[in-house]
Amino acid sequence: MKNRLVQKALSLAITMALLLVALMMISDVVRDRIYNRDRAVQSVVNSTAGSQTLFGPVLAQRCSREVSGKDSEGRVETRLVSFQRYALPDEISHQTRAEMQPRARGLYQVNTFLMHDKLVARFAPGNQLQGKPEGGAVRHCDAPRLVLPLSDPRGIRSATLQVDGKPLPLEPGTGHGVYTRGLQTKPLTAASGNDSSAIEVVVLLQLMGTERLAFVPLGGTNQVSMQADWPHPSFGGNFLPLSREISDQGFNASWSIPALASSARQAFVQERSLCSLGTPDTNYPYATEESQCLEQFGTSFIDPVNPYSLSDRATKYGLLFVVLTFVAVAMFEVLKKLRVHPVQYLLVGSALCIFFLLLISLSEHLGFSQAYAIGAGACVLLLGYYASHILGSLRRGLPFAALIALMYGLLFVLLQLEQTALAVGSLALFAVLAIVMVATRKVDWYAFGKGDAPEPIPTPAPKTFAPRPQESA
C-alpha cells in the first residue's frame with residue numbers, strides 16, 4: 001500500500017462505484033418519466049381514439065347451410081350453420097389528408113390527427129361472393145351489405161356513403177364475427193347486390209386517431225395518396241410508398257399495390273388478426289407471429305426529438321462521460337505533477353451526473369436542444385471554475401472546461417445520429433486513447449507509482465571546542 005498509484009486506483013474505483021449508483025438512480029427517474037408519458041398517451045387514446053387502420057369496403061352476405069351429423073345417442077340430426085360470404089373490391093383508391101391536432105396531458109404531448117378521406121371502391125361485373133364452406137347445401141342467404149371495418153370507430157367524426165351515386169345510411173358495427181368494429185349499410189337492393197352488375201362505392205370519412213394511420217390492401221389494385229402537415233413521418237408496414245416528398249411543412253406519399261403482391265385478400269377471408277403496423281392490435285384477436293396478421297401499410301406520426309427517448313439514450317453514455325472526465329483530470333495530475341484528492345474526483349463526477357437529471361427535467365418544459373444547451377453550459381462553467389482551483393490556476397482550468405464542452409458537443413451529435421452513432425462514437429474513443437498514449441509516452445510509471453519517501457534528517461556534527469589561547473604575560 002506504499003505505492004501511491006495503487007492507492008489512487010483503489011480510491012477512484014470506490015468513487016466510480018458511488019457515481020455508478022447515482023447514474024442508475026437517474027436512469028430510474030428517466031424510465032419513470034417515460035412510463036408516465038406512455039400512460040398519458042394511453043389516457044388520450046382512451047378519451048379520443050387510438051391508432052387507425054382502414055380496410056374495405058367489402059360486400060358481405062350472411063348465409064346458412066344444413067349440416068347432418070349424429071348426436072350422442074347415434075341418431076342422425078340436421079342443424080343450420082351460419083357463415084359469411086364476401087366480394088372484395090376490384091379497385092380501391094384513397095385520397096387522404098391528415099391534419100395534426102396535438103393534445104396535451106399534463107406535461108406530455110400526444111400526436112393526434114384528423115383524417116379527411118375520400119374512398120372510391122369498384123366491384124366489377126361478375127365479382128362473385130366467395131367464402132362458401134365445403135359440404136352441406138346452402139339453405140338461405142340474406143341480402144348483401146357493404147361493410148367498412150375500422151380499428152377504432154370512436155374516432156369517426158362524420159361518414160357518408162354512396163352506391164352508384166345514391167346515398168345509403170350507415171349503421172354502427174359490421175356484423176362480422178371477427179372484425180366487429182366499423183360501419184355497415186342496410187341490406188342492398190337486388191340490383192345493387194347482383195353479381196352481374198358493377199358497383200361503385202364512394203365514402204367520405206372524417207376520422208380522428210393517435211400517432212398511426214394504416215390501410216389494408218383488400219382491392220385488386222390499391223391506390224393511396226396521403227398528404228399531411230407533419231414533417232416527420234415514419235413509413236412502415238409491409239409496403240413502402242412508391243413516391244414521397246417530405247418538407248418542413250409536411251409530406252406527400254403515394255402507394256400502388258396490386259393484389260398479386262399482397263396476401264391480404266386471402267387473409268381477410270381466412271379472418272386473420274389485425275395488427276398495428278407490426279404490433280398486434282388489442283381490439284382484435286392477438287397474433288403472436290407477423291405471418292398471422294393482415295398485411296398493411298401506412299405511416300406513424302413520430303416526434304424525432306422525443307426528449308424522453310433522447311434522455312434515455314444520453315444516460316447510457318453517463319459512465320463513459322465520467323470515465324473520460326477522470327482521464328482528463330488524471331492527465332493534468334500526471335503531466336503537471338499535481339495532487340487531486342478523491343473527494344475532488346467525486347465532486348467533479350457528481351456534477352456530470354447532475355447534468356442528466358437537469359436534461360430530463362428541463363426538456364419537459366423547454367425544447368430538448370434548449371434544455372441540453374442550458375444543462376451543458378451550466379456544467380461546463382461549474383467544472384471550469386472548480387478545475388481552475390483544484391488544478392492550481394485558471395490557465396489549466398480553461399483547457400479542462402474546453403475538453404468538457406467538447407465532450408458535451410460530441411454527445412449531442414451522437415444523440416442526433418442513428419445509423420452512424422456507433423461509428424462516430426468508436427472513432428472518438430480511438431482518438432481519445434491516441435491522445436492519452438501520445439501525451440504520456442515519456443511518463444515513467446514506475447517512478448510515478450513509488451511512494452514519496454521522506455528525506456533523511458541530517459545529523460548535526462558534534463561541536464568541538466578549541467582551547468582558549470593563553471594570554472601572554
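Look up: the structure comes first, before these words.
Residues numbered from 1 in each chain as written. Predicted model: local features only at pLDDT ≥ 70, side-chain atom pairs only at ≥ 80, totals over all residues. Heavy atoms only, no water.

**A word on the packing of helix α5 (residues 342-363) against helix α6 (residues 368-390)**
- At their nearest, the axes of α5 and α6 sit 8 Å apart, and the two run at 165° to each other. By the criterion of interaxial angle, the relationship of α5 to α6 is roughly antiparallel. When the axes of α5 and α6 are compared, the crossing they make is right-handed. Touching Gln344, Leu347, Val348, Ala351, Leu352, Phe355, Leu358, Leu359, Leu362 and Ser363 of α5 are Phe368, Ala371, Tyr372, Ile374, Gly375, Ala376, Cys379, Leu382, Leu383, Tyr386 and Ile390, all from α6.
- The class makeup of the residues in the contact of α5 with α6 is 18 nonpolar, 3 polar and no charged. (Axes fitted to C-alpha atoms, helices over the stretch in contact; angles between N-to-C directions. Helix = DSSP H or I, 4+ residues; strand = E, 2+ residues; numbered from the N terminus. Parallel < 35°, antiparallel > 145°, perpendicular 65-115°, else oblique. Left-handed = near helix turned anticlockwise from the far one by under 90°. Contact = heavy atoms within 4.5 Å. Nonpolar A, V, L, I, M, F, W, Y, C, P; charged D, E, K, R; others polar.)

**A closer look at the packing of aromatic side chains**
- Scanning the entire structure with this criterion turns up 17 aromatic pairs.
- Pairing Tyr179 with Phe268 gives two aromatic rings, centres 5.1 Å apart and planes at 10°, and the pair type is stacked. Highlighted residues: Tyr179 in the loop between β12 (170-172) and β13 (182-185) and Phe268 in helix α2 (residues 264-269), separated in sequence by 89 residues. There is no split in this pair, since Tyr179 and Phe268 are both buried.
- Judged by centre distance (6.4 Å) and plane angle (85°), the ring pair of Phe239 and Phe297 falls under edge-to-face. One end of the pair, Phe239, is in the loop between β17 (233-237) and β18 (243-247); the other, Phe297, is in strand β22 (residues 297-301), and 58 residues separate them in sequence.
- By relative accessible area, Phe239 is classed as buried at 15%.
- Under the relative-accessibility criterion, Phe297 is labelled buried at 1%.
- Three or more aromatic residues joined by ring pairs form one cluster here, namely Phe113, Phe215, Phe235, Phe239, Phe251, Trp255, Phe297 and Phe301. (Phe/Tyr/Trp six-rings, centres within 6.5 Å; stacked < 30°, edge-to-face > 60°. Buried < 20%, exposed > 50% of the residue type's maximum accessible area, 1.4 Å probe, protein only.)

**Examining the sheet that holds strand β19 (residues 250-258)**
- A sheet is described by the order of its strands in space; here 8 strands give the open sequence β11-β10-β14-β7-β4-β16-β19-β18, paired in mixed fashion. Every other strand in the sheet has two partners, leaving β11 (166-168) and β18 as the edge strands with one partner each. Direction aside, neighbouring strands of the sheet carry axes that sit 15° apart on average.
- In this structure, strand β7 (residues 112-123) lies alongside strand β14 (residues 199-210), joined through 12 bridges in antiparallel fashion. Note on β14: the bridge partner recorded for Ala121 is Val201. (Pairing = 2+ DSSP bridges.)

**Some remarks on the packing of helix α4 (residues 318-335) against α5**
- Two elements in contact, α4 and α5, have axes whose closest approach is 10 Å; the angle formed by their N-to-C orientations is 150°. Once α4 is placed against α5, the crossing between them reads as right-handed. Touching Gly318, Phe321, Val322, Thr325, Phe326, Val329, Ala330 and Glu333 of α4 are Tyr345, Val348, Gly349, Leu352 and Phe356, all from α5.

**Examining unusual backbone geometry**
- A positive phi angle is found at Asp164, which is not glycine, with a value near 55°.
- As for its position among the elements, Asp164 is in the loop between β10 (156-163) and β11.
- Look at Asp164 and you get partly exposed, because its relative accessible area is 43%.
- Its identity as a non-glycine residue notwithstanding, Glu211 has a phi of 70°, on the positive side.
- Mapped onto the fold, Glu211 is located in the loop between β14 and β15 (212-215).

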